[in-house]
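Report on the structure
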Amino acid sequence: MLGYIGRRFLYMISTLFLVSVVGFLIINLPTGTYVDFYIQRLQNEGTHTSLEQIEAITKRFALDKPLYWQYGKWLFGFVRGDFGLSFEFNKEVKELIWERIVYTVIISLATLIFTWVVAIPIGIYSATHQYTLGDHIFTLVGLIGLSAPSFLLALVLMVIAQRSFGQSVGGLYSPAFVDAPWSWAKLADLLKHLVVPIVVVGASGTASLVRMMRGNLLDILNMQYVQAARARGLSESLVILKHAVRNAIHPLIMLLGMSLPSIISGATVVSIVLSLPTTGPMYFRALQQQDMYLAVTFLVFMAIMLVIGNFLADLLLAWVDPRIRYE
Amino acid sequence: MAELDEVLRVDELRTYFYTQEGTVRAVDGASFAVKRGQVLGIVGESGCGKSVAAQSILRIVPPPGRIVGGQIIYHRQVAADGASNLSEMLNLTEMHPRGQEMRSIRGSEISMVFQEPMTSLDPVYTVGDQIMEAITLHQNVDRREARKRAIEMLEQVGMPRPGEIVDNYPHQLSGGMRQRVMIAIALSCHPSLLIADEPTTALDVTTEAQILDLMRNLQKQTGTAIVYITHNLGVIAEMCDDVAVMYLGKVVEQADVDSIFYDPKHPYTQALLRSIPRIGQARKRLEPIKGIVPDPYAIPQGCPFWPRCIHAMPGLCDHDQPEYVPIAPGHSVRCHLFRQEAM
């Protein structure tokens, strides 16, 4: 078991290293050095660039040194929390992203929990009541959730929330609370604003998770050991929960690991429509504007999330399935 | 008198599967009886309804299957003090398949060993967990006592190092060992009836012989009655006291094992016996049963065997269903050749 964890951990570290190399190469793909862009930009704005400024930047990113040196310097800074400069915002990257990352993680985790809490019981119900009215209704709703474009769903829900519940929509706070200090009322306001994004972002995920849970469980319910558990005299609910669901949930755990990076990149379109201060829109803009240090920071963060997610999924899987534990 | 020492009587059982393509009459008039402490073999070709009959007894027929007719009478032993042998009659077909009453019988008084040892244990629990599951469910013992009994059961089914195996996961065991575990689970609550649904079909011949030995010995030790389902006549000859022959959902003949092998009455039983090789006989070509098993969606009218029967009587066999009639004590046949009027 320890060997298994150790091996997975080594994979994780080496993958991260490779990702950082590729990421760094990508930001260096466009011709010209970073400082050329920067100077050109400042000149376009009509600002005078002093030699000291240029020298400071050249020195900071080791731009006069070979590429591997630059990489080492960047990596060294990255692990200490120095992510470089965003030349579009003319700010340190780390100043720009933290707040957004916090909000994104809150929204994404809430969505993830919503998805699982809603999808798993529905999936179990659908599988155990296959082809009944309830199953058909959930299938229909699920297909709508799966196929409706999320931005459209966002708009529709915004209209409903505002017209029917008189709620201010868009953003995370009502105007009155934006600059207010933290209080219970502000938290309640935040939670109210989270409902629409969570439902919208979670809709298609929930629908596909329901389908997957239903399909897996139907397969498992045909297995001999489920019938054997019944033949032992176990109650039907114990047969389903203890034997069938536990075996049907493996593929979903794998999926859980893969869904962590979408915490950073996820729901970009929805965030733009709902004007949420998440990382998605900012990442999108950084790519458009070739704001390279900002973009690569997001890229590496997504990779870290993906790799950590997979690592956690591996651990979870080993905990659920002895065949992996004893490999 | 004969009724008294029966543990199970299945009477004109009908289990149908309602699919979109039509109704499959998997079991369509199966009658047989199992005597207390004896082994009944149910033999028949693949798809003749043997397994469904077994699942019907435990009331675990998977949907869209349903018991639509007949009775399954289980005689629960209340007191056995030599002189008086009291038993209580329970009609399993009247019980709710998921109800408390049926569940308390399932796994405890009637248990089952399945065909596929590789898939009949849940891969995510240790074999000990799965034996203990049955023990703690039906017997009022704590986990430590249950674990002790689980290890005893593993020892009883001839498992080497039972104290270690109890903490193993199914994937660490071979097919034969898994089948031993299944037998241990099935016998852990000392059932009065064990249903073995082709327990050795998936095993190699050496392992098969070991498992058969084991089951015979355990049967002698515990006195558990067994319904042994197989398509292997050799196994029947070796294991069973009584035999029921099934064809297309119907039991066509039941008798003691000697009568079946030396004095078979039903043309199907006779044909079945002609199709197996015998040692000591001059070598000649085996005689297969002519024709093929009919499509389960289109079972012929009248006696289901008539299109393949060498004694088929036109106008009778292809028109009327034969009755299941006793022709000697403990010997019943479903064939127009043995109609009561004719005798």
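Since this is a predicted model, take the numbers as computed values, not measurements.

1. Overview of the overall build of chain B
- A count of helical and extended segments in chain B gives ten helices and twelve strands.
- Relative to a compact globule of 343 residues, whose C-alpha radius of gyration would be 20 Å, chain B shows 21 Å and is just as compact.
- By sequence separation, contacts in chain B at least 24 residues apart represent 62% of the contacts at least 6 residues apart.
- Here chain B displays about 15,800 Å² of accessible surface, and carbon together with sulfur accounts for 51% of that area.
- Across chain B, the 33 positively charged side chains and the 41 negatively charged ones have centroids separated by 3 Å.

2. Here we look at a positive patch on the surface
All names here are of chain A.
- A cluster of basic residues, K59, K65, K73 and R80, forms a positive patch on the protein surface.
- The residue K65 is located in the loop between α3 (51–60) and α4 (67–79) in this model.
- A relative accessible area of 38% places K65 in the partly exposed class.

3. Quick word on the nonpolar core
- Counting residues in hydrophobic clusters, the biggest one holds 100 residues, and the most contacted among them are I195 and Y228 of chain B.
- With seven residues, helix α6 (residues 175–187) of chain B is the largest single contributor of residues to this core.
- Excluding residues that lie within four positions of it along the chain, I195 of chain B makes contacts with A54, I57, L58, I110, S111, M112, V113, V227 and I229 of chain B.
- One finds Y4, L221, Y225 and L252 of chain A within the second-largest nonpolar core, a separate group that totals 30 residues.

4. Some remarks on the side chain of Q219 of chain B
Residue and element names in this part refer to chain B.
- As for its placement among the helices and strands, Q219 is situated in helix α7 (residues 205–222).
- Residue Q219 is classed as buried on the basis of its relative accessible area, which comes to 12%.
- One polar contact links the side chain of Q219 to the main-chain carbonyl oxygen of T224, over a distance of 3.1 Å.
- Apart from residues no more than four positions distant in its own chain, Q219 is found in contact with G37, Q38, V39, T224 and I226.

5. A short note on the interface of chain A and chain B
- If you look at the interface, chain A gives 23 residues, while chain B gives 29 residues.
- Summing both partners gives a buried area of about 2,400 Å² for chain A against chain B, and 58% of it is carried by carbon and sulfur.
- Between E133 of chain B and K242 of chain A there is a salt bridge, with the nearest N and O atoms lying 2.6 Å from each other.
- At the boundary of chain A and chain B, one finds twelve residue pairs in polar contact (both at pLDDT 80 or more).

6. Considering a nonpolar patch on the surface
All names here are of chain A.
- A grouping of F151, L152, L155, V156, I160, F165 and V269 is seen on the molecular surface, where their side chains present a nonpolar patch of about 640 Å² in accessible area.
- The leading source of residues in the nonpolar patch is helix α7 (residues 150–165), at six residues.
- As for its placement among the helices and strands, V156 is situated in helix α7.
- Here V156 falls in the partly exposed class, since its relative accessible area comes to 42%.

7. Some words on the pattern of salt bridges
Residue and element names in this part refer to chain B.
- The full count for this structure, using the stated rule, is 25 salt bridges over all chains.
- R149 is the salt-bridge partner of E145, the closest N and O atoms lying 3.0 Å from each other. Of this pair, E145 and R149 are both found in helix α4 (residues 143–156), four residues apart, which corresponds to roughly one turn of the helix.
- By relative accessible area, E145 is classed as partly exposed at 26%.
- Each of E12, R14, D28, K250 and R334 takes part in a single network of salt bridges with overlapping partners.

8. Here we look at the side chain of D122 of chain B
- Assignment of secondary structure puts D122 of chain B in the loop between β6 (110–113) and α3 (127–138).
- The buried charged residue D122 of chain B lacks any salt bridge, with R323 of chain A as its nearest oppositely charged partner at 6.8 Å.
- Here H243 of chain A takes part through its side chain, which lies 2.6 Å from a polar atom of the side chain of D122 of chain B.
- Once you skip the residues sitting within four places of it in the chain, D122 of chain B turns out to touch Y225, K242, H243 and N247 of chain A together with Q130 and P170 of chain B.

9. Describing the domain arrangement of chain A
All names here are of chain A.
- Here chain A is partitioned into domain 1 (2–93) and domain 2 (98–325).
- Relative placement of domain 1 and domain 2: their C-alpha centres are 33 Å apart.
- Between domain 1 and domain 2 we count one salt bridge in total.
- For the salt bridge of D314 with R8, the shortest nitrogen-to-oxygen distance reads 3.2 Å.

10. Observations regarding the packing of helix α5 (residues 93–128) of chain A against helix α11 (residues 250–259) of chain A
Residues and elements named next belong to chain A.
- Look at α5 against α11: their axes get within 12 Å of each other, and the N-to-C directions meet at 160 degrees. One way to sum up the angle between α5 and α11 is to call them roughly antiparallel. Relative to α11, α5 is oriented so that their crossing is right-handed. Contact residues: α5 offers L112, W116 and I120, while α11 offers L252, I253, L256 and S259.

11. Quick look at the layout of surface pockets
- Its volume calculated, the largest pocket comes out at about 1,200 Å³.
- As for the largest pocket, its lining consists of 29 residues, and the residues nearest its centre are V61, P62, P63, P64 and R98 of chain B.
- Breaking the lining of the largest pocket down by element, the ones donating at least two residues are α5, α8 (184–221), α9 (224–231) and α10 (236–248) of chain A together with β4 (65–80) of chain B.
- Here the residues of the lining of the largest pocket are counted per class, giving 14 nonpolar, nine polar and six charged.

What counts as what
Residues numbered from 1 in each chain as written. Chains lettered and ligands numbered in written order. Predicted model: local features only at pLDDT ≥ 70, side-chain atom pairs only at ≥ 80, totals over all residues. Heavy atoms only, no water. Helix = DSSP H or I, 4+ residues; strand = E, 2+ residues; numbered from the N terminus. Rg over C-alpha atoms; globule rule 2.2 N^0.38 Å. Contact = heavy atoms within 4.5 Å. Areas by Shrake-Rupley, 256 points an atom, 1.4 Å probe, with all protein chains shown as cover. Lys, Arg positive; Asp, Glu negative; His and termini not counted. Charge placed at Lys NZ, Arg CZ, Asp CG, Glu CD. Patch = residues over 30% accessible without salt bridge, like charges linked within 9 Å, V, L, I, M, F, W, Y side chains within 5 Å. Salt bridge = Lys/Arg side-chain N within 4 Å of Asp/Glu carboxyl O. Buried < 20%, exposed > 50% of the residue type's maximum accessible area, 1.4 Å probe, protein only. Core = buried A, V, L, I, M, F, W, Y, C linked by side-chain atoms within 4.5 Å. Polar contact = N/O pair within 3.5 Å; in protein donor to acceptor, adjacent residues only side chain to side chain. Buried area = accessible area lost by both parts, 1.4 Å probe. Domains from an automatic or database assignment. Axes fitted to C-alpha atoms, helices over the stretch in contact; angles between N-to-C directions. Parallel < 35°, antiparallel > 145°, perpendicular 65-115°, else oblique. Left-handed = near helix turned anticlockwise from the far one by under 90°. 1 Å grid on protein atoms, 1.4 Å probe; cavity = no way out; pocket = protein on both sides within 12 Å on 5 of 7 lines; lining within 4 Å. Points joined across faces, edges and corners; volume = space filled by probe spheres on them. Nonpolar A, V, L, I, M, F, W, Y, C, P; charged D, E, K, R; others polar.

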